Amino acid sequence: MPDQDVLTTIRNDVKRALNKPANQRHWVMVINLQRCVGCEACTIACKQENHTPPGVAYAKVIKEEVGEYPHVRRRFLPILCNHCENPPCVPVCPVGATWKRKEDGIVVVDYTICIGCRYCVTACPYGARYFDFGDNYYEPLNEFEQQASPEYGRRWLRSKRESPVGNVRKCTFCLHRLVRGEEPACVQTCMPRARIVGDLNDPESEVSRLVDERRHFRLKEELGTEPSVYYIL
Amino acid sequence: MTTRLETNKLVLGAYLVALLTVAGVGVWAIAIRAVEGLRVTNLTSHVPWGLWVAFYIYFIGLSAGSFLMSTLIYVFGMSRFESIGRSALFVAIVALVAGLAFIFLDLGHLERFWTVFVNRSPTSVLEWEIHFYLLYGIILLAELWLLMRRDLIRAAEGEGLRALVARLLSFGSHDLSEESAHLDRRAVKILGTIGIPVAIAVHGGTGAIFAVVKARPYWYTGLFPIIFIVSALASGGALLLCITALFSRRKGTADHAELVSQLAKIVGAFLLLDLVLLTSEMLVGLYGGVPDHVATYRVIMFGPFWYVFWFGQMGLGALVPLALIFLKRTGNSPFWLGVAGACIVVGILGVRLNIVIPPLSVPLMPGIDTAYPLGRFSTFAFTGFSLHLLQGAVAVFVVAMVVLLSQLWRIPIPSWERWVVRLATTGAIFVLVIMGLRLAGFAPTTSALFDISLATAPTTPLPLFFGGQIKAQDPTFYSPSMIEWLSSTGVIAVAILALSLGRWLLPLEEPPVHPARAVRPRFDSDRIGTERETS
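A brief structural summary.

Conventions used here
- Residues numbered from 1 in each chain as written.
- Chains lettered and ligands numbered in written order.
- Predicted model: local features only at pLDDT ≥ 70, side-chain atom pairs only at ≥ 80, totals over all residues.
- Core = buried A, V, L, I, M, F, W, Y, C linked by C-beta atoms within 7 Å.
- Buried ≥ 20, exposed ≤ 12 C-beta atoms within 10 Å, placed from the backbone.
- Helix = DSSP H or I, 4+ residues; strand = E, 2+ residues; numbered from the N terminus.
- Contact = placed C-beta atoms within 7 Å.

**Some remarks on the nonpolar core**
Reasoning step 1: Counting residues in hydrophobic clusters, the biggest one holds 209 residues, and the most contacted among them are Phe102(B) and Leu241(B).
Reasoning step 2: The element best represented in this core is helix H2 (residues 51–74) of chain B, accounting for 18 residues.

Spelled out as structure tokens, the structure:
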């Protein structure tokens, strides 16, 4: 089916990956920079999905203006956690509260263990980790903020001293959605379909095809972090 | 004599009132921080470490440096410094506890601090460091106790508070024999020898916490942990120099002047070595031209807090003390050498601030700082009764400090130097009053005085302590919040109180343990304003 929406392809890829033995998955994201229009729908969708407070935005877009009049254009670089093969943020944690999941390569934080020292925030070369200072958009909380964050398949209600307040938070590729066979919120919402998620270990998947066929780069590859987010030029 | 005694009572009273006020407000601020969480700080996800981490490495540095100075005596046998050995160890203990207090304050979940010992993470430098701090603390306590043991037993004979403390601390030891003293000395030497690598691991490791972060080119150099150790030696030595020169019970003797001048030369040498290493780092970093690295130096030297580098780190922390130590005119005067020590102790704080904050404020990628609004300020404000309480405390503190500083006005030193001190004193009083006004809520007045714009200020009164422009929307700009400052000064005040109490109650400056050596004569007539005289 040549005219199939890429979102359907992604869903099929995700379902196929979930049917594989658990330890053979490698979730990656491919972002097609030619398609990105900088609408920041991903930023909003992420905040809605994960109920993140002010100052925490797992997905965001770097916006640049290049060139001089009359040859000016805006350039967009959507960024999120790269779920590195060698994540620099993981070994520094003094309590082992963050790790790279062996089964699918997603870097997670255990809010119940994290002591909030913020060492990992300084160690991440991509600025992908955020500290939950306990700020809120509204005091008292509005209806939306009173809802719990569904991260890690649990319900995290925000209150003054309870986790995840006082913890480091980060993008999980919407793990709670992936296990249900759904794509991450930012992928679902991306209007020009610039974001594609899938299993790189599956040669049939859309992400494998794109990484094989298209010219791509990853951020700060010189640091040896081996990011799992690929940018197509 | 009566006037002097009364003056001393006044000085001691002002000293205690000032410290207790700051400590009390500090405890209050820490309580607020514990209840409210880290939202009362001005930290952001962009600059996640700030004032507290800077103070943490500052105090760990003071501790390690002070301890390493003590090993000069007990391991390398430089017995001419023997009279400062116990002070060095005591300073090391107090500074270590203060440093740990700061890193504790900095945790997002205070109640989980102990899990560091349960949830193992052998790859983390920070976890290794926590263990080294413990081991190091045990070595310090054991060594100091062994050194004081016989004096504690002797002091326990007497009456009063000192004797009571001595009885409690002697832990039932009664052996005053020469063999036991010999054993003590051996044990101290062994402990000191073990302590050297541990202390290097303690502060070199603290440097490694930063140096292993490859995301920040400014930290990510092999020289970084070494600079930590050398600057620790400079700052620890400087603190000892300051205490020995200005507050020693032996003040006024020729021996004392000699000791202080030799100590000052060592501190000066460490400071020079520190400068050499710093220059090397800077030249290599700037030559390489890696954007993040150069940007960090630009922030340090020409950023919003440029004066921390030029006046703090370079002026107060290097040039002024070096001049005081190596100029003939001042290099033999214990007073000026003590001032040099104090300058370094304050100036190294600038070094520590510049280690932590500027590298974090440089964006990791171009545009990442503006991609999403990460800038935030503490919305906490003292209001109503608590504001009045704070204003009262500030007033009490300022009055006490003015009383203390005005004593400096009358310090008995010759000619032009007296006017330098008077000028500095007047300046300090002026700054103090201005800062008191700012803290007490008169920001618009003082900012108008200095033409500082508060146009974009959030609702908080005075998120900025030392002036500068408030940039609420810029996440790369970090200036500590009021609670951060108040809790920090509180911890520092408690540490200074502990040092004073220790020097009052513990036999830290008794005659040398070598029984064969003659006890030096003491001249007590020349002391100014030490607490001993009033008791």
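**Points about unusual backbone geometry**
Residues and elements named next belong to chain A.
Reasoning step 1: Put simply, Tyr69 and Pro70 share a cis peptide bond, and its omega is 5 degrees.
Reasoning step 2: Its location among the elements puts Pro70 in the loop between strand E2 (60–66) and strand E3 (73–79).
Reasoning step 3: Pro140 follows Glu139 through a cis peptide bond whose omega is -5 degrees.
Reasoning step 4: Turning to its location among the elements, Pro140 is positioned in the loop between strand E6 (129–131) and strand E7 (168–170).
Reasoning step 5: The residue Glu40 is not glycine, and still its phi comes out positive at about 65 degrees.
Reasoning step 6: Considering the arrangement of structural elements, one finds Glu40 in the loop between strand E1 (27–32) and helix H2 (41–50).
Reasoning step 7: Given 18 C-beta atoms within 10 Å, Glu40 falls into the partly exposed group.
Reasoning step 8: In the Ramachandran plot, Lys220 falls in the positive-phi region, its phi being about 50 degrees despite a non-glycine side chain.
Reasoning step 9: The residue Lys220 is located in the loop between strand E9 (216–217) and strand E10 (229–232) in this model.

**Topic: the environment of Ser70(B)**
Residue and element names in this part refer to chain B.
Reasoning step 1: Turning to its location among the elements, Ser70 is positioned in helix H2.
Reasoning step 2: Given 30 C-beta atoms within 10 Å, Ser70 falls into the buried group.
Reasoning step 3: Separated by 43 residues in the primary sequence, Ser70 and Phe113 place their C-alpha atoms 31 Å from one another.
Reasoning step 4: Beyond its immediate sequence surroundings of up to four residues, Ser70 is in contact with Gly85, Ala88 and Leu89.

**Considerations on the interface of chain B and chain A**
Reasoning step 1: Taken together, the contacts link 36 residues of chain B with 41 residues of chain A.
Reasoning step 2: Every element with two or more residues in the side of chain B that touches chain A is listed here: helix H4 (125–156) and helix H13 (368–371) of chain B.
Reasoning step 3: The biggest single contributor to the side of chain B that touches chain A is H4(B), with four residues.

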